[in-house]
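Chain by chain, the residues run as shown.
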Amino acid sequence: MQTPKPLLPDGARRTAAWCGVVLLVTGVAAVAIWLCVVLKTAVTPVLLALLGTALLGPVHRRLTQHGMNRSVAAVLTCALLVVVVGGAGYIVVTALVDNGEQIIRSLKHTGQWLVDHFGIAKHTDVDSLVTNARKLAEKFGASAAGGLLTGISLIGSLIAASVLALLLTFFFLRDSDRAAGLAHAIAPRGTGDLVEAMGRRAFEAVEGFMRGTTFIALIDAVCITVGLLILRVPGAVGLGALVLVGAYIPYLGAFISGAVAVLVALADRGFVIALWALGVVVAVQLLEGHILQPVIQSRTVQMHPAVIMIALTAGASVAGLLGMLLAVPVCAAAFGILGELRGRNAGPVGD
């Protein structure tokens, strides 16, 4: 008896199978993203707690290795997290408040310099600008009370999310030794080892990213601040604070903070000093790209710059600035999981 001839050739059937897999994965990812957006009030503290756990997890492990109780070690680690984040936030906010007006004034002078040298004023309708400014002022005055209430509500939400993230960080640190057992408990039969390995690879990728990025951000901020202080650029400390914060948004954050530093130098110190400031920024970025990142982040998941830019764009479209901050760690975790799956693709894994 002859075997019936398949309706489609082998190539077409393979293509159809892969298309089905891609559609299935895309559908699952879309539903997961939609759920995260809908449940962002609960998801955001969890993600922030995971980042905090990844950053200070080695501290907790070091304390427990010296015989300290896990709960006490978790409390001390969370207190260190509060001190580090609170201190960094205080330094950044203080520097920006003290130097913010000067930086904005310098940027305005730079804008005026560009207008004067490139003849932009010839194509500018001043009456239209005044009319639009008046309309904007009227709109702002009409909604000032609502904006105040919205701001108060936003501050309350941020405080609640921060407290919840801190509590979750405590529990994640204290009960981290139970993560393997939980992976085996919730995984389908025969896949417990695989789920545990994927979880470990994902967390190691996030852990390496957080530690490496924090260390690199500190070095970048210190080097650029010292360079700007030597050049006597006004607001050097505030500009260094911008560099520190922007380093957590790869490429884009460094570009924006560096551009602001150069524009401030151009407005207050002239074209020559602006070129020197540009040289400082470029030198620090070259140091980061060719020395710091290969040495510090050599054991983490390496992602192509194009992948990082796509992740940043997707994160910004989903959750704005918070999405940009979380996009790269989430992408690093996904690459860690894919790497584990690719490494185990040779055969099935038993529980």
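What to know about the overall build of the protein
Then comes step 1: On a plain count of helices and strands, the protein comes out with eleven helices and zero strands.
Then comes step 2: Its helices and strands taken in sequence order, the protein reads α-α-α-α-α-α-α-α-α-α-α from the N to the C terminus.
Then comes step 3: Residues classed as buried in the protein amount to 30% of the 351 residues present.
Then comes step 4: Long-range contacts, defined here as pairs at least 24 residues apart, represent 75% of the contacts in the protein between residues at least 6 apart.
Then comes step 5: Of the roughly 22,200 Å² of accessible surface on the protein, 71% is carried by carbon and sulfur atoms.

Some details on helix α8 (residues 236-246)
Then comes step 1: Most of α8 sits out of view: eight of its eleven residues are buried.
Then comes step 2: When we look at burial in α8, the residues that qualify are Ala 236, Gly 238, Leu 239, Gly 240, Ala 241, Val 243, Leu 244 and Gly 246.

As for the nonpolar core
Within soluble globular proteins, side chains that are nonpolar generally end up buried alongside one another.
Then comes step 1: Residues Leu 228, Leu 231, Val 233, Leu 239 and Ala 265 are the most contacted members of the largest nonpolar core, which totals 21 residues.
Then comes step 2: Among the elements that line this core, the one with the most residues is helix α9 (residues 252-269), at six residues.
Then comes step 3: Leu 231 has contacts with Arg 269, Ile 273, Trp 276, Ala 277 and Val 280, leaving out every residue within four places of it along the chain.
Then comes step 4: By size, the runner-up hydrophobic cluster in this structure holds 19 residues, among which are Leu 51, Ala 202, Ile 249 and Leu 326.

Observations concerning the side chain of Thr 225
Then comes step 1: Mapped onto the secondary structure, Thr 225 falls in helix α7 (residues 192-230).
Then comes step 2: The buried category is assigned to Thr 225, whose relative accessible area is 14%.
Then comes step 3: In contact with Thr 225, other than residues within four places in its own chain, are Ala 236, Val 237 and Gly 240.

Focus on the side chain of Thr 77
Then comes step 1: Structurally, Thr 77 can be placed in helix α3 (residues 70-118).
Then comes step 2: One polar contact links the side chain of Thr 77 to the main-chain carbonyl oxygen of Ala 73, over a distance of 2.7 Å.
Then comes step 3: Excluding residues within four positions of it along the chain, Thr 77 makes contact with Leu 56, Val 59, His 60, Leu 63 and Leu 173.

Considerations on the environment of Thr 94
Then comes step 1: Here Thr 94 lies in helix α3.
Then comes step 2: Judged by its relative accessible area of 26%, Thr 94 falls in the partly exposed class.

Observations regarding the environment of Thr 64
Then comes step 1: With respect to the element layout, Thr 64 can be found in helix α2 (residues 40-65).
Then comes step 2: In this structure the C-alpha to C-alpha distance between Thr 64 and Arg 174, which are 110 residues apart in sequence, comes to 9.9 Å.
Then comes step 3: For Thr 64, the residues in contact, after removing those within four places along its chain, are Arg 70 and Ala 73.

Points about the packing of α7 against α8
Then comes step 1: Look at α7 against α8: their axes get within 8 Å of each other, and the N-to-C directions meet at 160 degrees. The angle between α7 and α8 falls in the class roughly antiparallel. The chirality of how α7 crosses α8 is right-handed. For the pair α7 and α8, contact is made by Ala 217, Leu 218, Asp 220, Ala 221, Ile 224, Thr 225, Leu 228 and Leu 229 and by Ala 236, Val 237, Leu 239, Gly 240, Val 243 and Leu 244, respectively.
Then comes step 2: For the contact of α7 with α8, a count of residues per class yields eleven nonpolar, two polar and one charged.

Side note on the pattern of salt bridges
Then comes step 1: The final tally for this structure, using the stated rule, is five salt bridges.
Then comes step 2: A single network of salt bridges, built from pairs that share partners, joins Arg 61, Glu 207 and Arg 211.

A few points about the confidence of the model for the protein
Then comes step 1: Looking at the protein as a whole, its pLDDT mean stands at 76, while 75% of the residues score no less than 70.
Then comes step 2: Contacts for the low-pLDDT stretch residues 140-151, under 50 throughout, to residues beyond four places or in other chains number zero contacts.

Observations regarding a nonpolar patch on the surface
Then comes step 1: Together, Val 31, Trp 34, Leu 35, Val 38 and Leu 39 make up an exposed nonpolar region whose accessible area comes to about 490 Å².
Then comes step 2: For Val 31, the location among the structural elements is in helix α1 (residues 10-38).

Analysis parameters
The numbers attached to residues start from 1 for each chain and follow its sequence in the written order. Only residues with pLDDT of at least 70 get local features here, since the model is predicted, and only at 80 or more are side-chain atom pairs given and counted; chain-wide, interface and lining totals rely on the full set of residues. Values reported for side chains reflect all heavy atoms of the structure, with hydrogen atoms and water molecules removed beforehand. Note on conventions: DSSP H or I runs of at least 4 residues are helices, E runs of at least 2 residues are strands, and numbering of each starts at the N terminus. Each residue's exposure class comes from its accessible area (1.4 Å probe, protein chains only) as a fraction of the maximum for that residue type: buried when under 20%, exposed when over 50%, partly exposed otherwise. In what follows, a contact means two residues having at least one pair of non-hydrogen atoms within 4.5 Å. Calculation of accessible area relied on Shrake-Rupley with a 1.4 Å probe; when residues are assessed, cover is drawn exclusively from the protein chains displayed. Working definition of a nonpolar core: buried Ala, Val, Leu, Ile, Met, Phe, Trp, Tyr and Cys residues. They are joined through side-chain atoms within 4.5 Å. Within 3.5 Å is the distance limit for a polar contact, defined as a pair of N or O atoms, with the added protein rule that one can donate a hydrogen and the other accept it, and that residues adjacent in sequence qualify only through two side-chain atoms. In this analysis an axis means a line fitted to C-alpha atoms, helices contributing only their contacting stretch, and an angle means the value between N-to-C directions, from 0 to 180 degrees. Orientation is classified from the angle alone, with under 35 degrees giving roughly parallel, over 145 giving roughly antiparallel, 65 to 115 giving roughly perpendicular, and any other angle giving oblique. Put simply, a crossing is left-handed when the front helix is turned counterclockwise from the back one by less than a right angle, and right-handed when it is turned clockwise. Here the nonpolar group is Ala, Val, Leu, Ile, Met, Phe, Trp, Tyr, Cys and Pro; Asp, Glu, Lys and Arg are the charged ones; every other residue, Gly included, is treated as polar. Take a side-chain nitrogen of Lys or Arg and a carboxyl oxygen of Asp or Glu: if they are within 4 Å of each other, that pair is a salt bridge. pLDDT is a residue-level measure of predictor confidence that goes from 0 to 100. Exposure above 30% relative accessible area and the absence of a salt bridge qualify a residue for a patch, where like charges join within 9 Å and nonpolar side chains (Val, Leu, Ile, Met, Phe, Trp, Tyr) within 5 Å.

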